[in-house]
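Summary of the model geometry
For reference, the chains in residue letters:
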Amino acid sequence: LPVYDTAGSAKMIADGGKGLPEGCNVDNTAAIASEDAGKAYGLTCLDKNMEDDDSNFTRYLLVGRNAVAQYLNKKIPAKT
């Protein structure tokens, strides 16, 4: 689920799942957050170092009034 930040996802779980969509609850939903955020909200860490997983990546979206393709590095794969 998109959340405002990773610590926010931990807080959402710690708050009893308030704000989760229908069908999601604290028993079937987990937060991906820092270990510090988990400790701050009294959560149990299920896995560590997920950021080092090769299949974990971040997507960025460029939005502008003018075309941005001219500013992209042609050697880096991108969709425009």
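Heads up: the structure comes first, above all this text.
Below is a short write-up of the structure. (Residues numbered from 1 in each chain as written. Predicted model: local features only at pLDDT ≥ 70, side-chain atom pairs only at ≥ 80, totals over all residues. Heavy atoms only, no water.)

Some remarks on the layout of surface pockets
As a reminder, the rule being used: Two kinds of site are reported from a 1 Å grid over the protein atoms alone, namely cavities, where a 1.4 Å probe fits but cannot get out, and pockets, open sets with protein on both sides within 12 Å along at least five of seven lines, and residues are called lining when an atom falls within 4 Å of a point. Grid points are joined across faces, edges and corners, and a volume is the space filled by probe spheres set on the points. Runs of E in the DSSP output that reach at least two residues are strands. Runs of H or I that reach at least four are helices, and both are numbered from the N terminus. Gly falls in the polar group here, along with every residue not listed as nonpolar (Ala, Val, Leu, Ile, Met, Phe, Trp, Tyr, Cys, Pro) or charged (Asp, Glu, Lys, Arg).
In this model, the largest pocket occupies a volume close to 580 Å³. Lining of the largest pocket is provided by 22 residues; of these, Ala31, Ala33, Cys45, Leu46 and Asp47 occupy positions nearest its centre. The set of elements that each furnish at least two residues to the lining of the largest pocket consists of α1 (6-14) and α2 (35-40). Per-class residue counts for the lining of the largest pocket are eleven nonpolar, six polar and five charged.

Overview of a negative patch on the surface
Keep this limit in mind: Residues with no salt bridge and a relative accessible area higher than 30% make up the patches, which join like charges within 9 Å and nonpolar side chains (Val, Leu, Ile, Met, Phe, Trp, Tyr) within 5 Å. Here, Shrake-Rupley sampling with a 1.4 Å probe gives the accessible areas, and only protein chains in the shown set may cover a residue. Salt bridges, as used here, are contacts in which a Lys or Arg side-chain nitrogen is within 4 Å of a carboxyl oxygen on Asp or Glu. Note that His is not counted, nor are the chain ends; the positive residues are Lys and Arg, and the negative ones are Asp and Glu. The atoms used to mark charge sites are NZ of Lys, CZ of Arg, CG of Asp and CD of Glu. A simple rule labels every residue: compare its accessible area, found with a 1.4 Å probe on the protein chains alone, to the largest value its type can have, and call it buried under 20%, exposed over 50%, or partly exposed in between.
A contiguous patch of negative charge on the surface is contributed by Asp47, Asp52, Asp53 and Asp54. Here Asp53 shows up in the segment after α2. Overall, Asp53 belongs to the partly exposed group, its relative accessible area being 41%.

Digging into the pattern of salt bridges
Oppositely charged side chains can form a pair if their charged atoms are brought close together. Using the criterion set out here, one finds three salt bridges in the structure. Here Lys11 and Asp15 are joined by a salt bridge, their closest N and O atoms 2.8 Å apart. With relative accessibility at 32%, the residue Lys11 sits in the partly exposed group. For Glu35, the salt bridge identified is with Lys48, shortest N-O distance 3.5 Å. Residue Glu35 is located in helix α2, and its partner Lys48 is located in the segment after α2; the two are separated by 13 residues in the primary sequence.

Focus on the side chain of Ser9
Keep this limit in mind: Only heavy atoms matter for contacts: two residues are in contact if any of them lie within 4.5 Å across the pair.
Along the chain, the position of Ser9 falls in helix α1. Residue classification places Ser9 among the buried positions, given a relative accessible area of 11%. Excluding residues that lie within four positions of it along the chain, Ser9 makes contacts with Val3, Ala31, Ile32 and Ala33.

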